[in-house]
Amino acid sequence: MSHDPFLTHRNLLFTVAYEMLGSAADAEDVLQESWLRWAGVDRARVRDPRAYLVRMVTRQALNRLRTMARSREEYVGEWLPEPLLTSPDVAEDVELAESVSIAMLTVLETLGPTERAVFVLREVFEMPYGEIAEAVGKTSAAVRQIGRRAREHVAARRPRVRVSRSEQEAVVERFLAALGTGRLQDLLDVMAPDVVMIADGGGLAAAAAEPVHGAELVAKLLARPDRSVAVVWLNGAPAGRVEIDGRVAAVSLVVENGKVTRIHAVVNPLKLTRLDETTKLAR
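Residues numbered from 1 in each chain as written. Predicted model: local features only at pLDDT ≥ 70, side-chain atom pairs only at ≥ 80, totals over all residues. Heavy atoms only, no water.

1. Some thoughts on the pairing of strand β5 (residues 247-256)
Under the convention used in this document: Burial status follows relative accessibility: with a 1.4 Å probe on protein chains alone, a residue under 20% of its type maximum counts as buried, one over 50% as exposed, and anything between as partly exposed. Counting from the N terminus, the helices are the DSSP runs of H or I reaching at least four residues and the strands are the DSSP runs of E reaching at least two. Strand pairing is assigned whenever DSSP detects at least two bridges linking the two strands.
The element β5 is largely enclosed, with a buried count of eight among its 10 residues. The turn linking strand β4 (residues 237-244) back onto β5 is made up of two residues, and Asp 245 within it adopts a positive phi angle of 50 degrees.

Here you go:
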């Protein structure tokens, strides 16, 4: 059983599903559904188990994406991806780390289901157009067109500047230190004037219902003492785990030119269940 291709490629399959859905819980459901389908497949007819399983997971994730559209529309407040505790070595694969970052997953959320699938499979996992076409039920020519549109869409919305790992770590540490002191000026010093904060409480925890714009407003919201802060690795990047009065928040940052330009804060407790055990990602 240990040589079953599904188990061999499980981390890859989870990563595909997670990048398509932005939810670890839904990705696990997709893997469970795919595992049950795989159990009924005649393995002798499968020439390339890895490609076959990726196609299977992609189809299941697409089905899940389409059924999730309604619940996303009814979600209370801002929706952010479910953060994952990852090991620092994920950052060694720059493309993988960028693709699973909270910032990128938030951008992918603005794509349609098929566009998202094509973008993830082509740009992240470098699958041939023919295999992607089979997975999404389109022609290769159509997939190329969809992929081009998706790339343009993502390029217009992704962070403008790619910073080094050392700069990201340094700014994250400065921001979390400022958050720990709760001093207004410390926070202002590390944030860009046009910083944006997006918080996801899902109606289950207190959070701003809309994005908060500008360093003054964001700093005033964040300036309070008695926080426990720690640097952790979330989605392939240094980030923060913050505890206030026993409540936990996961804080992911976008850094440009030595300043924080975007803050993603997840406080919805249903999305914070994977902060104590490292998730293995692969491509």
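2. Overview of the environment of Phe 14
Filter applied, for reference: Any two residues whose heavy atoms approach within 4.5 Å are treated as being in contact.
When you line up the elements, Phe 14 lands in helix α2 (residues 10-21). Setting aside anything within four residues of it in sequence, one finds Phe 14 in contact with Ala 24, Ala 27, Glu 28, Leu 31, Leu 84, Arg 274, Thr 279 and Leu 281.

3. A few points about the packing of aromatic side chains
We apply this condition: By convention, a stacked pair of Phe, Tyr or Trp rings (six-membered ring in the case of Trp) has centres within 6.5 Å and planes under 30 degrees apart, an edge-to-face pair has planes over 60 apart, and any other such pair is tilted. Any Lys NZ or Arg CZ found within 6 Å of a ring centre and within 35 degrees of that ring's normal is scored as a charge over the ring.
One pass over the structure, following the stated rule, counts three aromatic pairs. A centroid spacing of 6.0 Å and a plane angle of 5 degrees characterise the contact between Phe 14 and Tyr 18, whose relative ring orientation is stacked. Of this pair, Phe 14 and Tyr 18 both sit in helix α2, separated by four residues, roughly a single helical turn. Take Phe 14 and Tyr 18: they sit in the same class, and that class is buried. Ring centres of Trp 38 and Tyr 52 lie 5.9 Å apart, and the angle between their planes is 50 degrees; this geometry places the pair in the tilted category. Linking Trp 38 in helix α3 (residues 24-39) with Tyr 52 in helix α4 (residues 49-73), this pair joins segments that are 14 residues apart in sequence. Taking the relative accessible area as the measure of exposure, Trp 38 reaches 1% and is therefore buried. For Tyr 52, a relative accessible area of 27% puts it in the partly exposed group. Positioned over the ring face of Tyr 129 is Arg 122, at 4.1 Å from the centre of the ring.

4. Quick word on helix α9 (residues 140-157)
To keep it simple, the criterion reads: For a helix, the expected span equals 1.5 Å multiplied by the residue count minus one. Taken from the helix axis, the directions to the C-beta atoms give the arc we talk about.
Across its 18 residues, α9 extends 26 Å between first and last C-alpha, which sits within 8% of the 26 Å expected from 1.5 Å per residue. Taken together, the buried positions of α9 are Val 143, Ile 146, Gly 147, Ala 150, His 153 and Val 154. Down the axis of α9, the smallest arc covering the buried residues is 130 degrees, so these residues share one side. Facing away from the buried side of α9 by more than 90 degrees, the exposed set consists of Ala 141 and Ala 156. Buried positions along α9 lie against α6 (102-108), α7 (113-124) and α8 (129-136).

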